[in-house]
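Each chain, letter by letter, is given below.
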Amino acid sequence: MAYDAEHTRRRIFEAAAAEFAEHGLAGARVDRIATTAKANKQAIYLYYGGKEKLFAAVLRAKLEEVRVSVSIDPDAVAESVGQIFDWYREHPELIRLLLWEALEMCDEVAESERERRDGFREKVRHLAGEGVAPHLPERARVRAAQDLLFTLMGLIAWNFAVPRMCRLVLDEETDQAALARRRETVIEVARALAAAPEVFGAI
């Protein structure tokens, strides 16, 4: 029974991830999730406590997935950015979930916000403690690491947030051709930024 219950939870989670990525929180339907997961609606409420909590659980799990899968190595920033780019290309649903969160929950404080903030602070400490802008005072070095991290996140994420615009601006025939071209550009920009991160601390 325990195995069956866990299997059901997993089916619900996978169905919900696809449903939320496609329709957002407001547009998602619990009955569609239940049908896709081959589960009843009561199981969704039992395991996750409703649509809003299910959305939060899906987003939290996806963020944790990328956190444990890839990270930025201060000694190889450009290579790390290439790996993160590839991860997002294989998991575009996370960007869509983050966009839906921004559109539909912008005025709400997410229950997991403190946990997520702590996770990013750990990344910043790692970057700042491993040589990002070493000649700056500590506070400026932390600010430089924060800005570097956020700028790199934007360089990567925008390619998957607006794939059609990416294709049109680059005048490529397919999304994949545009992404291949963008990947190389993003890596080179990351390499240049990593070589002079003190510009962030000076702003």
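All values reported here derive from a predicted model rather than from experimental measurement.

Where nonpolar side chains cluster on the molecular surface, the patch consists of F120, F150 and M153 and spans about 300 Å² of accessible area. Among the structural elements, F150 can be located in helix α8 (residues 138–161).

Tallied over the full model, the rule gives 14 salt bridges. Here R191 and E79 are joined by a salt bridge, their closest N and O atoms 3.6 Å apart. Here R191 is found in helix α10 (residues 175–195), whereas its partner E79 is found in helix α5 (residues 77–90), with 112 residues between them in sequence. Since its relative accessible area comes to 39%, R191 is described here as partly exposed. According to the relative accessible area criterion, E79 is partly exposed, its value standing at 42%. Linking E122 and R125 is a salt bridge whose minimum nitrogen-to-oxygen distance equals 2.7 Å. Of this pair, E122 and R125 are both found in helix α7 (residues 113–129), three residues apart, which corresponds to roughly one turn of the helix.

Now for the environment of I156. On the secondary structure map, I156 appears in helix α8. Residue I156 is classed as buried on the basis of its relative accessible area of 4%. Once the C-alpha coordinates of I156 and I84 are considered, the two residues, 72 residues apart in sequence, prove to be 7.7 Å apart.

Take the environment of K41 next. One can find K41 in helix α3 (residues 41–48). As for K41 and I12, which are separated by 29 residues in sequence, their C-alpha atoms are 9.7 Å apart. Those residues in contact with K41 that lie beyond four places of it in its chain are V30, D31 and A34.

As a further point, take the confidence of the model for the protein chain. On average, residues of the protein chain carry a pLDDT of 87, and 90% of them reach 70 or more. Within the protein chain, helix α2 (residues 30–37) carries the highest mean pLDDT (95), whereas helix α11 (residues 198–201) carries the lowest (62).

This model, assessed by the stated rule, comprises four aromatic pairs. Their ring planes at 85 degrees and their centres at 5.3 Å tell us that W87 and Y88 sit as a pair that is edge-to-face. Classification of W87 as buried rests on a relative accessible area of 7%. Accessibility expressed as a relative area gives 13% for Y88, which makes it buried.

Here the focus is the nonpolar core. Core analysis: the largest hydrophobic core is formed by 49 residues, its most contacted members being I12, F20, L54, Y88 and L152. Those residues in contact with F20, other than ones at most four positions away along the chain, are L25, A28, I33, K51, L54, F55, V58, L97 and W100.

Now for α7. For α7, built from 17 residues, the straight-helix expectation of 24 Å at 1.5 Å per residue is met to within 8% by its first-to-last C-alpha distance of 24 Å. Among the residues making up α7, those that are buried are V124, L127 and A128. Buried residues along α7 cover an arc of 90 degrees about the axis, so they all sit on one side. What points out from α7, more than 90 degrees from its buried face, is the exposed set R125 and G129. Turning to α7, the residues buried within the fold contact α8.

Below, the discussion takes up the packing of α7 against α8. One way to put it is that α7 packs onto α8 with a least axis distance of 9 Å and a crossing angle of 115 degrees. As for how α7 packs across α8, the hand of that crossing is right-handed. The segment α7 lies against α8, with F120, K123, V124, L127 and A128 engaging R141, V142, A145, Q146, L149 and M153. Per-class residue counts for the contact of α7 with α8 are eight nonpolar, one polar and two charged.

Parameters and conventions
Residues numbered from 1 in each chain as written. Predicted model: local features only at pLDDT ≥ 70, side-chain atom pairs only at ≥ 80, totals over all residues. Heavy atoms only, no water. Patch = residues over 30% accessible without salt bridge, like charges linked within 9 Å, V, L, I, M, F, W, Y side chains within 5 Å. Areas by Shrake-Rupley, 256 points an atom, 1.4 Å probe, with all protein chains shown as cover. Salt bridge = Lys/Arg side-chain N within 4 Å of Asp/Glu carboxyl O. Helix = DSSP H or I, 4+ residues; strand = E, 2+ residues; numbered from the N terminus. Buried < 20%, exposed > 50% of the residue type's maximum accessible area, 1.4 Å probe, protein only. Contact = heavy atoms within 4.5 Å. pLDDT = per-residue confidence, 0-100. Phe/Tyr/Trp six-rings, centres within 6.5 Å; stacked < 30°, edge-to-face > 60°. Core = buried A, V, L, I, M, F, W, Y, C linked by side-chain atoms within 4.5 Å. Expected span 1.5 Å × (residues − 1). Arc of directions from axis to C-beta. Axes fitted to C-alpha atoms, helices over the stretch in contact; angles between N-to-C directions. Left-handed = near helix turned anticlockwise from the far one by under 90°. Nonpolar A, V, L, I, M, F, W, Y, C, P; charged D, E, K, R; others polar.

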